[in-house]
Amino acid sequence: MDVRRSESEDGRYFNNLVTNLGGPNLFRALFGQYNFTSLVEYSYCSLIGLNESDQCGLFATFNDGMLTTQDNVPFHELLDALTEVLPCRLTNSLLLNFWAFDNSVATEQSAHELLRSVFARDPALDYVFFVCSSTVVPPDFLSSFFCKVNISKRENVSPKDPYKKSDVYVLERAKILPRLLVREARVEDNDDLLPILQASNPGIANGQEEYFLADLIQSQDESSKFFVGVHKNRPVGMLATTLDINAELLTRVFDLDSYSGLIIKPDDEYTRKQFVVMLLGDQSVLKNVNISGLCKSNGAALIDLSKSYDPTNPNNKEIVLNHMVASVQRIADSSKKYRGCFITGFPNNEEECRALLDLLETTDFSLNAIIELQHYTDDVDVDVEEDLLGEYLDSVEMLKNQILNTNVYTTEWKRIAVGDNTDHGVEDVEDLILVELKTLCDTNEKIVEEEERLNMAGLTTNSFAISLFSMDEHYESRSEDLITVAFEEYPTLDYCVLLLPNSSLPSAALTYGMQCPRVREGVSFDQSLYVIHRQSLLANDYLTVERLHQDSLDKTEALLSVMEEQDKETVLSFASHSLRDSDVDLMNNPGEVSFTIKVEDEVVGLICMSRKLTTSEDVMHFRNHYMLDDHIIFERHRGRSQAMIVHWVMNPIYSQWSRFVLREVMRVYHKTVLYYHHLTRETKPGIEIMEEMFPVSTRFGPQAKKADAENMNGEGGYQQFYPLFFMQKKKLIDKKAKVGKRVVIVGGNSSAFSILEKIALCHDIHVANIFLIMEHPPQVWLSKQELGANESGDNFSGCLSLKDLNDMTEQELNALGLPARCTLVQGRLTDIDRKNRAVIVSDEVIVEYDVLVVASGMQDMSIRKFPATAQLHPTVCAERGVFCMGNYAIDKMALNFIEQQLVSCRNKNKSDVIVVAGNGTQALCVLGRLEVYGVDPSRIVWVRTRDTATSEVEHDEINALIEMGIEGDEDDGMPHITVYNSHEILDVQFGSPLGAESEEEQIIEGLNIRHYPTAGSVMGHKDDVLPCCAFICCSNEQCDVDVFAAINDTGLVYDGGVVVDENFRTVDPNIYAAGPMTKYSRRYKDQVPHKRCNPRELGTYVANEIIAKHLTVSSRNDLNSVTGFGFHDAMAKAPSVEQIQFKTFHMPVIHSGIFPGNIDYVMSSLPERKKCAQIDRYLLSGPRDDRTQRACGVTLDALGVCCEIVCAQRLFDNSSQQDKDIAINVGPLVGWHESYLNSAMYAFECAQVVDWIEFLTGSWSETLRCDKFPALCEIIRKSLHSDKGMIAILDKVMEAAEAADDNLVVTNARRSIMGDRGSSIDAGTKNVVVSHTIDFLRKNKSLFPNFLIPMPSKGKGKRDHK
């Protein structure tokens, strides 16, 4: 029998079970009033047992008091009344609320398995109680497991004893999962332990001696121990310990700063001092030097003392020096580690120099280096008074003499000379300073690394380590028994650490109570660390959750002392404010409340909550923008039963009790749903939030009502999107498995972000080590300092290239919280080492992986045809003015370069022509976007290799409108783009803008082109030179050049794309690829190309495959049969086409762009569109048939499915927002049958469609764009499955299908049978559809403000349809 957690959809199984056992009345007498959905939604744990025939034989719910007994006695009072008899506490007890057992379907063994499942899911659980009236005789099956508690033994009985009229039954863990007897291992245990070890890690015995465990047991000494857990004289688990721990390794690899006392440092603890460099000398040459950018590129912080300099203040020098010292210290203490401090603007005279020297002599402040800038010139800067300049230079000379001619100072003096009679001009100052500063910082880094290495050598740990740990899977929840004994063996050590290979996936029960620290930034390691503190094992007896009181504030403040001062004040302020409602009982739902988590009298945690942030409007806002309805049945959770966690601070030692804290808070505050909204980008959510609460995905395409959407996208709208987490009462028992495997995702296409989202937001696992490798990351990964004023809500396309509506926006990435979920490695992929499972980033950084996903985009590779650029990297070409379209970063670089060159060329009387080469919609979009960004069309030249360049647009009317935009409007005197038809570009000409010989400084000056004569001409081809200042290529999209080089050198198959199998695995089972740069083997050439698939849908599919095969406990042994590089024997043993089940992708791909002449172009098509092109029906329309302003075509396949919508329209300044948002409003409608589109075929035939855009954006279409609409269709489909009227229609359609092979004939027959817009459908069938539709609209009424939703009338029960 399959025992699993019960869901609300199991109601029919439950009802059948209750009916078979005597009906609801019998169970109400035993358990009181009940409702199945409430039992499931409000219970801590609800389990159901189904046999192979889907017959329900078992159902049980367990709770902590949200569902009380018949006398309505709170659960904690029930436990307090039993403490004299049993050591029961809130941490180790639950109440059985409901139990149903059908012995004709289930066996007693099945019941035992259900109860075992409860104890296994919660290792802290020791007792399950059942309370019923004394007049009720419990069923016989309960007596098989539960024992009656003899409450008469109690001496101190309260007058309000809850058991005056009740009996209490208890089930102890020992009866289901008994505690283990732990003893030292013996040599003869070898034969019993080896199968347990091999079951959890099948390959561990490979290469070992037959009795290697016996040898390990025999080698025990004071520093290494070996324990076994025994049940009924049979070993069921083992644990070996050692004191041999590499403290230096743990400190370097893992972030252990929050684990106080784990690492013991030497008495003379090493403190890294901040590296300080000062710039002195002639400041007049620094006017055009970007000092701030120079420091940023070197990882240094700039301290400009001139901003605090006041020559009129007699105490100026002391003020400036104090500011300098404080600034250096603040930078040294900041969380961001700078490579150095760069000081400018001081000193300015001899007196200030003497003050600086005195500071260096009398304090521990030190200057590591001074860079002197000397400027040799006969010209005098009129902006600087000569006497002041002379005084300043004299003070610099005095300072240099003191530092260089005495042994008191350790400052290094560097000199940079520019100007007359030197090797460098003033224009070289910035480069010279950059080189000097980099050299100083690099040298200092090496010195510091050596000092830290020597200091690390003296580190020790306050812990013992587990060297071997394995349990029989039925006893994994008893792993704490062995760890407890191990702590007793090492009474002076506070921590236990466990290192597990990332290739292993321990169950949540095995590592219960252990924390999994993250690896440090920039570090990759092939093992995961698990940590547990001695005190956390004792918390079961002493941990309590109490409402915050005034007398606990001081202890709470001590808990917060480790936080930043500003964060500390924020938390304390809220906690103090919540005390104003302390006189309001929790039952009465106070607006704000704080709880302290205590172990005895020590405050180890604080959780602050607010009900004011979960008003009905707030919750509806969350539902409109996040996928909350996929997880929560809101009809079962009242508004007053929901609250927001505002702050949660907890000592990491006790983090294992986070779920209990949530459970207890929900119990006493009477909540069933909790939220946490992380309203900042500067910090990550706490580890308790990340590991214990469940993240929520955003709703693709905001489903908000219009007013809400405008508010979200208005001023400051970007800041409105933040990560949202939730917790339900019923999900508290579902612990996430901690997965240490390293998932490395290379690239930033839409598929990559979809994979990242699915893995990072998975509710079953917490993957701590996710790495994203990108050369140009989204702005949400950048800090405010790095971001500056460039904040944007755009997605990563549409700057110059076509805009893909499936690309994630900055807003969406921020709302998903992905930057907090993964480590960004900025750079480009340059190599893959499959043998060692590592990738090389930018030829410098090594990132190891357990699962690698290559998901980069496509890029134009036309530069490979030109001799001058064939050997250049696309990034180098971009710096010289040649741009290979394909990604958002190149688009930005092209725009910035063009803006600079247009100004430069005009000043120097050079050609300011911009050349765009390519065919089709990509080239047209670049041309149109250049116009939008202000480039004069007369300065744009389009070189296309053939006359018909719009080959992707297959429709003549739409092509005609596009060509009108290219030609311009001669009547208005508007310039138009110059078009070179039938031309070929032969090469690129570079030249130096300054006349220098350096090849790196050269930029584009022109193109060698060849003109081919028209057909029938006797003239030969003609070569010419086309002067230009920028060249944009968009005609030959291929795999990213870096990814191609890395793949080609490592043995992965590349055949016009990365070759993958049906699960998107390459020939290496640990390497996946996804996106437009992948393809199936040539054997499967009939499959849809991946570049035509929706990238989000594709990425989600690949992520699900990775999770199933690599990241879940059930996948631990999936890859055991795969060894080395022989996967599929390089595809030689690949199954036949008929045997492979390829994934069919259904979502449309939506592209949009602006073409020349301000023509807005939209194309939305299904992946399968090209397959059925010969039998499609193409329906064209325009506004009042004036297709010179807009033309739109809708394509239906033979079965009536809308497989493509393409539109081109001219936009004007007064165009409505609806006209501008065609891609958003109309694009998602592709893929639906025309009957869903308001019977589009019938409407078109009846001339009701004057304009497809107006028709498809009617108010009725709002429901189709809602992401909940497919669920409604599925409900209607199931409801009509047994409807007589629908069965009759299907019979007739089947007869027509049997009589003809043509799908079009079948479609026409269906329309004839059902009538126009369903006019011939039976009234009963219509009512089924209407009732479900109205119910859908009513549940989602906030999403559809334009609908007047019918409500039941008060008369005869009829609905008033308006």
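Not measured: the values here are computed from a predicted model.

Cut-off values and rules
Residues numbered from 1 in each chain as written. Predicted model: local features only at pLDDT ≥ 70, side-chain atom pairs only at ≥ 80, totals over all residues. Heavy atoms only, no water. Helix = DSSP H or I, 4+ residues; strand = E, 2+ residues; numbered from the N terminus. Buried < 20%, exposed > 50% of the residue type's maximum accessible area, 1.4 Å probe, protein only. Areas by Shrake-Rupley, 256 points an atom, 1.4 Å probe, with all protein chains shown as cover. Patch = residues over 30% accessible without salt bridge, like charges linked within 9 Å, V, L, I, M, F, W, Y side chains within 5 Å. Salt bridge = Lys/Arg side-chain N within 4 Å of Asp/Glu carboxyl O. Lys, Arg positive; Asp, Glu negative; His and termini not counted. Charge placed at Lys NZ, Arg CZ, Asp CG, Glu CD. Pairing = 2+ DSSP bridges. Axes fitted to C-alpha atoms, helices over the stretch in contact; angles between N-to-C directions. Contact = heavy atoms within 4.5 Å. pLDDT = per-residue confidence, 0-100. Phe/Tyr/Trp six-rings, centres within 6.5 Å; stacked < 30°, edge-to-face > 60°. Lys NZ or Arg CZ within 6 Å of the ring centre and 35° of its normal. Expected span 1.5 Å × (residues − 1). Arc of directions from axis to C-beta. Right-handed = clockwise from strand over helix to strand, strands pointing away. Polar contact = N/O pair within 3.5 Å; in protein donor to acceptor, adjacent residues only side chain to side chain. Parallel < 35°, antiparallel > 145°, perpendicular 65-115°, else oblique. Left-handed = near helix turned anticlockwise from the far one by under 90°. Nonpolar A, V, L, I, M, F, W, Y, C, P; charged D, E, K, R; others polar.

K.L.:
Residue-level account of the overall build of the chain, with values.
P.N.:
Scanning the chain for helices and strands turns up 43 helices and 53 strands. Out of the 1362 residues belonging to the chain, those deemed buried represent 54%. Carbon and sulfur atoms provide 48% of the accessible area of the chain, an area that totals close to 62000 Å².

K.L.:
Explain a negative patch on the surface to me, and be specific about the residues and the numbers.
P.N.:
On the surface, a cluster of negative charge is made up of Asp-191, Asp-192, Glu-209, Glu-210 and Asp-215. Position of Glu-210 among the secondary structure elements: in the loop between helix 8 (190-200) and helix 9 (212-218).

K.L.:
Account for the sheet that holds strand 19 (residues 495-501), naming residues and giving values.
P.N.:
Here 6 strands make up an open sheet; going across it, the order is 8-9-10-18-19-20 and the pairing mixed. Looking at the sheet topology across the chains shown, the edges are occupied by strand 8 (181-184) and strand 20 (527-533). Along the sheet, successive strands turn relative to each other by an average axial angle of 30°, direction set aside. For strand 19 and strand 20, the ladder comprises 7 bridges, and the chain directions are antiparallel. Its bridge partner being in strand 20, Val-497 is matched across the sheet by Val-531. Across the sheet, helix 8 is in contact with strand 9 (224-231), strand 10 (234-242) and strand 18 (463-471); its angle to strand 10 comes to roughly 75°.

K.L.:
Lay out the pattern of salt bridges in plain terms, naming residues and giving numbers.
P.N.:
All told, the structure shown has 49 salt bridges when counted by the stated rule. For Arg-663, the salt bridge is made with Asp-122, and the minimal N-O distance between the two is 3.8 Å. Here Arg-663 is found in helix 21 (residues 658-668), whereas its partner Asp-122 is found in the loop between helix 5 (108-121) and strand 5 (127-133), with 541 residues between them in sequence. A salt bridge links Arg-179 to Asp-126; its shortest N-O distance comes to 3.2 Å. Of this pair, Arg-179 sits in the loop between helix 7 (173-176) and strand 8 while Asp-126 is found in the loop between helix 5 and strand 5, placing the two residues 53 residues apart along the sequence. Given the relative accessible area of 49%, Arg-179 is considered partly exposed. By sharing partners, the salt bridges in this structure join Arg-5, Glu-7, Glu-41, Arg-121, Lys-730 and Asp-734 into a single network.

K.L.:
Go over the confidence of the model for the chain, please, and point to the residues and values.
P.N.:
When pLDDT is averaged along the chain, the result is 81, and 86% of the positions lie at 70 or above. Throughout residues 66-70 the model reports pLDDT below 50, and contacts reaching past four residues in sequence, or to other chains, amount to 20 contacts.

K.L.:
Can you lay out the packing of aromatic side chains for me, pointing to particular residues and giving the numbers?
P.N.:
Each aromatic ring pair is summarised here by two numbers: the centre-to-centre distance and the angle between the ring planes. Tallied over the entire structure, the rule returns 40 aromatic pairs. The interplanar angle of 55° and the centroid separation of 5.0 Å between the aromatic rings of Trp-1232 and Tyr-1236 together place this pair among those described as tilted. Classification of Trp-1232 as buried rests on a relative accessible area of 16%. The structure contains a cluster of three or more aromatic residues connected by ring pairs, namely Phe-14, Phe-27, Phe-31, Tyr-34, Phe-36, Phe-59, Phe-98, Phe-130 and Tyr-169. Sitting over the face of the ring of Tyr-44, Arg-663 holds its NZ or CZ atom 4.8 Å from the ring centroid. A cation sits over an aromatic face here: Lys-671 above Tyr-669, 4.5 Å from the ring centre.

K.L.:
I'd love a proper account of helix 41 (residues 1284-1299), names of residues and values included.
P.N.:
Spanning 16 residues, helix 41 covers 23 Å between terminal C-alpha atoms, matching the ideal 22 Å at 1.5 Å per step. Those residues of helix 41 that fall on the buried side of the exposure criterion are Gly-1285, Met-1286, Ile-1289, Val-1293 and Ala-1296. Projection of helix 41 onto a plane perpendicular to its axis shows the buried side chains occupying an angular sector of 90°, all on one side. Projecting away from the buried face of helix 41 at angles above 90 degrees are the exposed residues Lys-1284, Glu-1295, Glu-1298 and Ala-1299.

K.L.:
Before we move on, can you summarise the sheet that holds strand 51 (residues 1177-1181) with the specific residues and values?
P.N.:
Pairing within the open sheet is antiparallel, and its 6 strands lie in the order 30-49-50-53-52-51. Lying at the two open borders of the sheet, with one neighbouring strand each, are strand 30 (803-804) and strand 51.

K.L.:
Tell me about unusual backbone geometry, and please be specific about residues and values.
P.N.:
With a phi close to 65°, Phe-1064 is a non-glycine residue in the positive phi region. As for its placement among the helices and strands, Phe-1064 is situated in the loop between strand 46 (1058-1060) and strand 47 (1071-1073). According to the relative accessible area criterion, Phe-1064 is buried, its value standing at 0%.

K.L.:
Any details on the pairing of strand 38 (residues 914-917)? Residues and values, ideally.
P.N.:
The alternating pattern of strand 38 places Ile-914 and Val-916 and Val-915 and Ala-917 on opposite faces, both of which are buried. Examined bridge by bridge, strand 38 and strand 39 (residues 940-943) share 4 bridges and lie parallel to one another. Following the sheet pairing, Ile-914 is matched in strand 39 by Ile-940. Handedness of the strand 38-helix 30 (residues 921-932)-strand 39 crossover: right-handed. Bridging between strand 38 and strand 44 (residues 1030-1033) involves 4 bridges; their strand directions are parallel. Within the sheet, the bridge partner assigned to Val-916 lies in strand 44 and is Ile-1032.

K.L.:
An account of the side chain of Glu-41 is needed here, citing residue identities and associated values.
P.N.:
By the secondary structure assignment, Glu-41 is in helix 3 (residues 36-42). Among the polar contacts made by the side chain of Glu-41, one reaches the side chain of Lys-730 at a distance of 2.9 Å. Excluding residues that lie within four positions of it along the chain, Glu-41 makes contacts with Ser-8, Ile-633, Arg-636, His-637, Gln-728, Lys-729 and Lys-730.

K.L.:
Can you tell me about helix 40 (residues 1269-1279), naming the residues and giving the values?
P.N.:
Among all positions in helix 40, only Phe-1269, Leu-1272, Cys-1273 and Ile-1276 are buried. One side of helix 40 holds all its buried residues, which, seen down the axis, span an arc of 100°. Buried-residue contacts for helix 40 involve helix 39 (1261-1265) and helix 43 (1323-1339).

K.L.:
Provide a residue-level description of the packing of helix 41 against helix 42 (residues 1303-1314), including the pertinent values.
P.N.:
Two elements in contact, helix 41 and helix 42, have axes whose closest approach is 9 Å; the angle formed by their N-to-C orientations is 150°. As far as their axial angle goes, helix 42 and helix 41 are roughly antiparallel. Every pair of crossing elements has a handedness; the one defined by helix 41 and helix 42 is right-handed. Contacts from Ile-1289, Lys-1292, Val-1293, Ala-1296 and Ala-1297 of helix 41 reach helix 42 at Val-1306, Ala-1309, Arg-1310, Ile-1313 and Met-1314. Of the residues assigned to the contact of helix 41 with helix 42, the class counts are 8 nonpolar, no polar and 2 charged.

K.L.:
Quick rundown of the environment of Tyr-409? Include the residues and the values.
P.N.:
Inspection of the secondary structure assignment puts Tyr-409 in the loop between helix 14 (386-405) and strand 16 (412-419). Expressed as a C-alpha distance, the spacing of Tyr-409 and Leu-357, which sit 52 residues apart in the sequence, is 8.9 Å. Once residues lying within four places of it in the same chain are set aside, the contact partners of Tyr-409 are Leu-357, Leu-360, Glu-361, Gln-402 and Ile-403.

K.L.:
Tell me about the environment of Val-673, and name the residues and values.
P.N.:
As for its position among the elements, Val-673 is in strand 25 (residues 673-677). Measuring from C-alpha to C-alpha, the distance between Val-673 and Lys-729 comes to 6.6 Å, with 56 residues separating the pair along the chain. Residues in contact with Val-673, not counting those within four places in the same chain, are Ile-632, His-637, Ser-641, Gln-642, Ala-643, Met-666, Met-727 and Gln-728.

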